Amino acid sequence: MKKVEYLIGNKHFKFISSPIYNSLVCDFICDLSKVLLQHANYKKYPDIITLAFWCRKQNIDIMKRNFSANELRVGLGLVFHITPSNVPTNFAYSLLFGLLTGNSNIIKVPSKKFEQINIICDCIKKILKKKKYIQIKNKITIVRYNNFDEFTDKISSICDARLIWGGNKSIKEIRKFTLNPRSRDIAFSDRFSLCAINAQSILELDQSGLNRVVEKFYNDTYLVDQNACSSPHLIVWLGNKGSKAKNIFWQKLYKYTLKKYTLPKIASIDKYTKLCEDLINLPNIKSHKNYTNLLHVVTLKNLDFNINKLRGKWGYFYEYNSKNLDYIAKFIDQSCQTLTYIGISKDILKKFVVKNNLKGIDRIVPTGQGLSMSLNWDGYNINQALSRIIDLK
Amino acid sequence: MRELEKILLEDPYSMDKQNKDIFFKNYINKLTIHHYNNSKEYKKLINHLSYAIKKKNEINKIPFLPVRLFKELNLYSVKKDKIIKVLNSSGTSGNKTSKIYLDKINALNQVKVLQKIMNRMLGKERLPMLIIDRNIKNINRTNFNARVAAINGFSIFGRNHTFLLDENNNINYDELNKFLSRYGNSKFFIFGFTSFIFENLIEKLKMNKIKLDFKNAILLHGGGWKKLENKKISNKTFKKEISKKLNLKNVFNYYGLVEQTGSIFVECKCGYFIASNFSDVLIRDSNFNLLKNNQKGFLQLFSLLPTSYPGHNILTEDIGEIIQNAKCSCSMQGKRFLVHGRIEKAEIRGCSDAE
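Quick caveat: nothing in here was measured; it's all calculated off a predicted structure.

K.L.:
Run through the overall build of chain B, naming residues and quoting values.
P.N.:
Within chain B, the regular secondary structure consists of 10 helices and 14 strands. A globule of 355 residues ought to have a C-alpha radius of gyration of about 20 Å, and chain B, at 21 Å, matches this closely. The buried share of chain B, taken over its 355 residues, is 42%. Residue pairs in contact within chain B that sit at least 24 positions apart in sequence constitute 71% of those at least 6 positions apart.

Shown next, in the form of structure tokens:
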């Protein structure tokens, strides 16, 4: 039978818009940070730790400060969140975005029963028991259902904004259900990401520095099977010290993955099949190097205008040597989301953006922060996207 | 490849380990060179994998193709006008199917080797054959290509072919009784898919409706255990049930892939698949390191047959295990191994998916 399971809340949704970053919400999120870290099982899940870290007071304060308070902004009302089916904690960030911007929220979580979802919901429920948070309670509805178009249709028709995670296919599916004329759709489509590394900077690192860089790179990639939209697929080596730096870097990464990463069985075949296909089909391959099946690196002779087709998963990278960053600018298209970087100054990056009229790239962050969620995401300023401005003169 | 003709004269399980290792090293390297010289795609792949073509490489060092590559690409090592037949794998709806390109020689060798292996089990004479399926004329060919191909392929080892099921998938007792009363008193051959055998012979067949039992039958079945695993039926229980109900003791499971049609693996009486003179197996972990005997991993299969397409050395998506010191009293030479089913579909982490 088609059914909606209410993990938090019930079918009596409220449409409450409150001012953005109101202090009750901020307190609630700080409490969530603490309660998550008190949960018996939190240590098993690095993504829970990351979430708790994100929720801590200091971080919320920074976000609040970054938001220009001169404007009078309030939430839109009811936000419907459709979260990706295979990232267990994404729904929580989506909810927090909605709360911070002053909205009531209906969150659809993955139908797969991730333990992380239980932990987070348990913690939220625990905090919501406090009398202080009775208003917040009215703003959180968390649902789980599968193949129940009627529900998606109904909520779409009444919500003030819809946040669709999950890529092009999901967006197309969900957009079949029309919104109110006044309502907004915020959709995160399939994206491509890349990483630029200053080769010289790798050669200058000592062992512990190198270890840190490799660990950060691992966290941006292998930690999510290199399958998040902000995980880099293409590595651009800058400078003419490429080959030595590459060897050191990949070798170190391989050793790290040997200790840390278990390649899922089917992934291992998928990865190798993709490699064989690429080696046969791609016209611009210079060479290929593998470190068992854990790490594959395909070196490209030149770039073409299809870089977003270069998609490795589970530790499969394409690399390209470039004298400078400017050269790659013409290959950056709308599909490019995140540029992570190692050993490049912010100044150079800023010039790169300003000078080149880039068609894509919405985020430029140091390697290690590729997956850090922020209210500037995918080219949207979520603060603005989920709130409305009241013009007071 | 003249050596193939030579071993076609021998018993298919005659080579001891030492001889087989030498023979395979020779032959698989030769095949690798053949495909390298005759398939552009294969050559490009081998070059990019930084593999140096030599005559005397250890076979475990030669790059293997993942079976799925035959679904993604059209791979053949002969001129296109020499291709006389394209085999397709089952491929459930929506999935791509493998395309295996055969020229005359390759197709003929498949039949010869299959015959060799089948003769060992059935004897040299064609036996009356009961097929646990519908008449292949009534099977939708576009959907069940592999099923039709298997039935067709094995039919040449039988005569007086009789199909157990009518058009509505019901057991045709009239036909069955006709068959049993004519041929049931001496050796006959039963062929079918494992799940069909279980469903029809074990679950549905009413013994009081038939005149003779199956004690003279030799049953060959294949196609995988997935459906039966869901019913918690192991190979052992399967055999036990067949023996108990039908008084049928000669039951053989076979394992084979469309990518290596012909050099199939037939189970011995002790319940192990045996690599014949025409095939060999290795086991690898997910990083593709070789595993030792009695360790479970991906089955890598070698076959001497593929000449018109580069399928002589493939990595399957099946989990297997080579059994050392198998408690096997059969006199046949060749590695003993078990197949533990296919790996599950990937669970993809990452954000580009929502239900």
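K.L.:
Any chance you could break down the interface of chain B and chain A for me, citing the residues and the numbers?
P.N.:
Residue-level contacts link 29 residues of chain B with 38 residues of chain A. Those elements that provide at least two residues to the side of chain B that touches chain A are helix 3 (40-48), strand 1 (65-66) and helix 4 (69-72) of chain B. A per-element tally of the side of chain B that touches chain A places helix 3 of chain B first, with 4 residues. Looking at side-chain class alone, the side of chain B that touches chain A contains 12 nonpolar, 6 polar and 11 charged residues.

K.L.:
Could you give me a rundown of the sheet that holds strand 11 (residues 295-300) of chain A, with the residues and numbers involved?
P.N.:
Residues and elements named next belong to chain A. A sheet is described by the order of its strands in space; here 7 strands give the open sequence 10-11-12-9-8-13-14, paired in mixed fashion. In the strand order of this sheet, the two ends are held by strand 10 (285-291) and strand 14 (363-366), each with one partner. Neighbouring strand axes in the sheet, compared pairwise and without regard to direction, differ in orientation by 25° on average. Pairing between strand 11 and strand 12 (residues 316-322): 4 bridges, direction parallel. By the bridge assignment for strand 12, H296 is matched with Y316.

K.L.:
Could you give an account of the environment of K125(A), with specific residues and numbers?
P.N.:
With respect to the helices, strands and loops of the structure, K125(A) is situated in helix 5 (residues 115-128). Remark: the alpha-carbon pair of K125(A) and L7(A), spanning 118 residues in sequence, is separated by 9.3 Å.

K.L.:
Give me the pairing of strand 4 (residues 127-132) of chain B: which residues, what numbers.
P.N.:
Residue and element names in this part refer to chain B. Of all 6 residues in strand 4, 6 are buried, a share of seventy percent or more. Note: strand 4 against strand 5 (residues 158-163), 4 bridges, orientation parallel. Looking across to strand 5, one finds that L130 is bridged to T162. In this sheet, strand 6 (residues 188-193) lies alongside strand 4 in parallel orientation, the contact comprising 4 bridges. Residue pairing for strand 6: L130 is matched across the bridge by I190.

K.L.:
Explain the pairing of strand 11 (residues 279-284) of chain B residue by residue, including any values.
P.N.:
Residues and elements named next belong to chain B. Burial analysis of strand 11 places 6 of its 6 residues in the buried class, the great majority of the element. Every second residue of strand 11 is oriented toward a common face, with S279, V281 and I283 on one face and D280, L282 and R284 on the other, all of them buried. Pairing of strand 11 with strand 12 (residues 296-303), which is carried by 6 bridges, proceeds in the antiparallel orientation. What sits directly across from S279, in strand 12, is S303.

K.L.:
How would you sum up the environment of Y318(A)? Please name residues and give values.
P.N.:
All names here are of chain A. With respect to the secondary-structure elements, Y318 resides in strand 12. Separated by 85 residues in the primary sequence, Y318 and H233 place their C-alpha atoms 6.3 Å from one another. Apart from residues lying up to four places away in sequence, Y318 is in contact with H233, L234, V298, L300, L310 and G312.

K.L.:
An account of the nonpolar core is needed here, citing residue identities and associated values.
P.N.:
Grouped together as the largest cluster of nonpolar side chains are 135 residues, with contacts concentrated most on A196(A), I197(A), L234(A), V236(A), I131(B), F189(B) and F265(B). The dominant element in this core, judged by the number of residues it contributes, is helix 12 (residues 265-281) of chain A, at 6 residues. Apart from residues no more than four positions distant in its own chain, L234(A) is found in contact with L194(A), I307(A), L310(A), Y318(A) and Y320(A). I29(A), L51(A), I124(A) and L386(A) belong to the second-largest nonpolar core, a separate cluster that totals 52 residues.

K.L.:
Can you lay out helix 12 of chain A for me, pointing to particular residues and giving the numbers?
P.N.:
Every α-helix carries 3.6 residues per turn, so stepping three or four residues along brings you back to the same face. All names here are of chain A. With 17 residues, helix 12 extends 25 Å between its outermost C-alpha atoms, agreeing within 8% with the 24 Å of an ideal straight helix rising 1.5 Å per residue. Extensive coverage of helix 12 is indicated by the burial of 12 of its 17 residues. For helix 12, the set of buried residues is A267, S268, I269, D270, K271, Y272, T273, K274, L275, C276, D278 and I280.

K.L.:
Would you mind going over unusual backbone geometry in detail, with residue names and values included?
P.N.:
Here I361(A), not a glycine, exhibits a phi torsion of approximately 80°, which is positive. Of note, I361(A) is situated in the loop between helix 13 (346-356) and strand 14. Although it is not a glycine, S50(B) adopts a positive phi angle of roughly 55°. Looking at the element boundaries, S50(B) is found in the loop between helix 3 and strand 1. Under the C-beta neighbour-count criterion, S50(B) is labelled exposed, with 11 such atoms within 10 Å.

K.L.:
Describe the domain arrangement of chain B, with residues and values.
P.N.:
Residue and element names in this part refer to chain B. Domain boundaries assigned for chain B yield domain 1 (1-78 + 272-342) and domain 2 (125-267). Counting residues at the interface gives 19 residues for domain 1 and 11 residues for domain 2. Mapped by element, the contributors of at least two residues to the side of domain 1 that touches domain 2 are strand 10 (273-274), strand 12, strand 13 (313-323) and strand 14 (336-342). When the residues that make up the side of domain 1 that touches domain 2 are grouped by side-chain class, the tally is 13 nonpolar, 6 polar and no charged.

K.L.:
Pulling in residues and values, what's your account of the sheet that holds strand 7 (residues 184-187) of chain A?
P.N.:
Residues and elements named next belong to chain A. What the 6 strands build is an open sheet, ordered 1-5-4-3-6-7; its pairing is mixed. Edge positions in the sheet fall to strand 1 (5-8) and strand 7, since each of these pairs with one other strand and no more. Averaged over all pairs of adjacent strands, the angle between their axes in this sheet comes to 20°, without regard to strand direction. In terms of strand pairing, strand 3 (residues 78-82) meets strand 4 (residues 104-108) through 5 bridges, oriented parallel. Within strand 4, the residue paired with H81 across the bridge is I107. Across the sheet, helix 5 lies against strand 1 and strand 5 (140-144), angled at about 60° from strand 1, the strand it touches most.

Cut-offs used in this document
Residues numbered from 1 in each chain as written. Chains lettered and ligands numbered in written order. Predicted model: local features only at pLDDT ≥ 70, side-chain atom pairs only at ≥ 80, totals over all residues. Helix = DSSP H or I, 4+ residues; strand = E, 2+ residues; numbered from the N terminus. Rg over C-alpha atoms; globule rule 2.2 N^0.38 Å. Buried ≥ 20, exposed ≤ 12 C-beta atoms within 10 Å, placed from the backbone. Contact = placed C-beta atoms within 7 Å. Nonpolar A, V, L, I, M, F, W, Y, C, P; charged D, E, K, R; others polar. Pairing = 2+ DSSP bridges. Axes fitted to C-alpha atoms, helices over the stretch in contact; angles between N-to-C directions. Core = buried A, V, L, I, M, F, W, Y, C linked by C-beta atoms within 7 Å. Expected span 1.5 Å × (residues − 1). Domains from an automatic or database assignment.

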